[in-house]
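# Structural characterization, general
Now for the letters of each chain:
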Amino acid sequence: MTIVKDLRDGDEFVGFYLIKESEVKQTNTTPPKDFMNVVLSDASGHVAGKLWDVSASDKENLVPLTLVKVQGVAQLYREKLQVKIVRIRRTTEADGVQLTDFVRSAPVQPEVLLAGIHKAKDSITDKEIREVVDYCLNKVGDKLIHAPAAKSHHHAYYAGLVYHISRMLELGEFICKQRPFLNADLLKAGIILHDIAKPVEMVSELGIVSDYSNSGKLIGHISQASLWVAEAAMRLGMDPDSERIMALQHLVLSHHNLGEWGSPVQPQLAEALALHHIDSIDAKLQMIEDALDTTGSHEAWTPQIRGLENKAFYRLTF
């Protein structure tokens, strides 16, 4: 059986995969014919595929989060690898495969990552800041532990969000030691809170995002998290207009830096600027790491990475 990252141009293959995405389309022919665009995935990565001559049964059965057995041919199309599906069927119990074996997840156990985030929260010395962070963590609850950090750009897998936050906390700790003028409590809180509403912004299962929720589409995770901070202040008997609450909201609202990237304000606190760059460097380096991990070792270059100006990155061999 062939895993996704080992596929090469011209390979004829058979394997088990998870359908990550599927969409019925029509050709431009007369009369038009139905075909399907699918994204096949396993723990090593994902690849786009096409199924021609789609039947009514295919439309009903080949839906996201379905395990399938596929016979196909890998081929380059516009310099990107995709697969032409020759035969495909849903798996049966006799195949002996489990859904969780095909789900990509963070390289550290989610429970360990979440425990580390709570430890970081408990280490915040400022009582009001710590209580706001605790309120927001309790509000998102168990959704945090399995949520991806994004639909596709970075940490887009099971427990990706807690992995992202954990790695950012490590970077934040280093920067605060190097730059002791920074308010470590505020920066730590900003790191934990900046994407805290992602699990309610996205509709996901096993780390795979199928859509954005109504609140995700209408409000978005940045504004939602800022509202949670204000809600926490009011529920905890704090002044919602205090400098602490305003600073926490500013960190959340400015962490994307620019309006076109989703932030209504730009960073105007040192801690907010630090948060933006910590978030950016972790996300961007993870995009490259993920691309290298999911590209076959025989490939010198990664595919173009959309979140990095469509640049491909070279794999050094020394």
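Position numbers for residues start from 1 in each chain and track the written sequence from start to end. With pLDDT at 70 or above as the cut-off, local features in this predicted model cover only qualifying residues; side-chain atom pairs require 80 or more to be listed or tallied, and sums for whole chains, interfaces and linings still use all residues. Side-chain descriptors were evaluated using all non-hydrogen atoms of the structure, hydrogens and water having been removed beforehand.

This brings us to the side chain of Asp290. Considering the arrangement of structural elements, one finds Asp290 in helix α11 (residues 270–293). Burial classification: accessible surface area is computed with a 1.4 Å probe over protein chains only, and a residue below 20% of its type maximum counts as buried, one above 50% as exposed, and the rest as partly exposed. Overall, Asp290 belongs to the buried group, its relative accessible area being 10%. Contacts were defined at the residue level, with two residues in contact if any of their heavy atoms lie within 4.5 Å. In this structure Asp290 touches Arg104, His155 and Tyr157, once residues within four positions along its chain are discounted. Secondary structure follows DSSP: runs of H or I at least 4 residues long count as helices, runs of E at least 2 residues long count as strands, and numbering of each begins at the N terminus.

Quick look at unusual backbone geometry now. Following Thr30, the chain continues to Pro31 via a peptide bond in cis, the omega torsion being -5 degrees. Residue His155 is not a glycine yet carries a positive backbone phi of 50 degrees.

Moving on: the confidence of the model for the protein chain. Low pLDDT marks stretches whose predicted atomic positions should not be read closely. Summing up the model confidence of the protein chain, the mean pLDDT is 93 and the portion of residues at 70 or higher is 100%. Confidence of the predictor at the level of single residues is captured by pLDDT, which takes values from 0 to 100. Per-residue pLDDT, averaged within each element of the protein chain, yields its smallest value for strand β7 (residues 208–212) (87) and its largest for helix α6 (residues 184–193) (98).

Here the focus is the sheet that holds strand β5 (residues 80–90). Strand-to-strand pairing in sheets goes through backbone hydrogen bonds, with the strands running parallel or antiparallel. A pair of strands is considered paired only if DSSP assigns at least 2 bridges between the two. Taken together, 5 strands build a closed barrel; the order of strands is β1-β2-β3-β5-β4 and the barrel is mixed. Within this sheet the neighbouring strands show an average axis-to-axis angle of 50 degrees, counted without direction. Pairing analysis gives 8 bridges linking strand β1 (residues 12–26) to strand β2 (residues 34–42), with the strands arranged antiparallel. From the neighbouring strand, Leu18 faces β2, where its bridge partner is Ser41. To obtain an axis, a line is fitted to C-alpha atoms, over the contacting stretch when the element is a helix, and the angle between two such axes runs from 0 to 180 degrees between their N-to-C directions.

Only one rule defines a salt bridge in this text: a Lys or Arg side-chain nitrogen within 4 Å of an Asp or Glu carboxyl oxygen. Under the criterion given, the structure shown has 13 salt bridges. With its nearest N and O atoms 2.4 Å apart, the salt bridge here joins Asp34 to Lys59. With Asp34 in strand β2 and Lys59 in helix α1 (residues 56–61), this pair connects stretches of sequence that are 25 residues apart. Two residues, Glu231 and Lys139, come together in a salt bridge whose shortest N-O distance is 3.1 Å. With a gap of 92 residues between them, Glu231 in helix α9 (residues 221–235) and Lys139 in helix α3 (residues 127–140) connect regions that are remote in the sequence. Shared partners join several salt bridges into a network, and the residues in it are Lys121, Asp122 and Asp134.

Note that Arg235 resides in helix α9. A polar contact is formed between the side chain of Arg235 and the side chain of Tyr135, at a distance of 3.5 Å. Definition of a polar contact: a pair of N or O atoms within 3.5 Å, with one able to donate and the other able to accept a hydrogen when the atoms are protein atoms, and with sequence-neighbouring residues admitted only if both atoms are side-chain atoms.

This paragraph deals with α6. Taking burial as the measure, the 10 residues of α6 include 8 buried ones, the bulk of the element. For α6, the complete set of buried residues consists of Asp185, Leu186, Leu187, Ala189, Gly190, Ile191, Ile192 and Leu193. The inward-facing, buried residues of α6 abut α2 (110–122), α3, α5 (160–178), α9, α10 (243–254) and α11. At the N-terminal boundary of α6, the capping side chain belongs to Asn183, with an oxygen 3.1 Å from the backbone nitrogen of Asp185.

Side-chain rings of Phe, Tyr and Trp (the six-membered ring for Trp) are treated as a pair once their centres are within 6.5 Å; stacked means planes under 30 degrees apart, edge-to-face means over 60, and tilted covers the remaining angles. Tallied over the full model, the rule gives 3 aromatic pairs. Summarising the aromatic geometry, the rings of Phe13 and Tyr17 are spaced 6.1 Å apart at their centres and angled 85 degrees between planes, so their arrangement reads as edge-to-face. Tyr17 carries the same exposure label as Phe13, and that label is buried.

What follows is about the packing of α10 against α11. For the pair α10 and α11, the least separation of the axes is 9 Å and the interaxial angle reads 30 degrees. Of the two possible hands of crossing, α10 and α11 adopt the one that is right-handed. Along its contact with α10, which presents His250, Leu251 and Ser254, the element α11 presents Glu271, Ala272 and Leu275. Classification used: nonpolar for Ala, Val, Leu, Ile, Met, Phe, Trp, Tyr, Cys and Pro, charged for Asp, Glu, Lys and Arg, polar for all others including Gly. Taken together, the residues that form the contact of α10 with α11 break down as 3 nonpolar, 2 polar and 1 charged. The sense of a crossing depends on the near helix, which, turned anticlockwise from the far helix by less than a right angle, makes the crossing left-handed and, turned clockwise, makes it right-handed.

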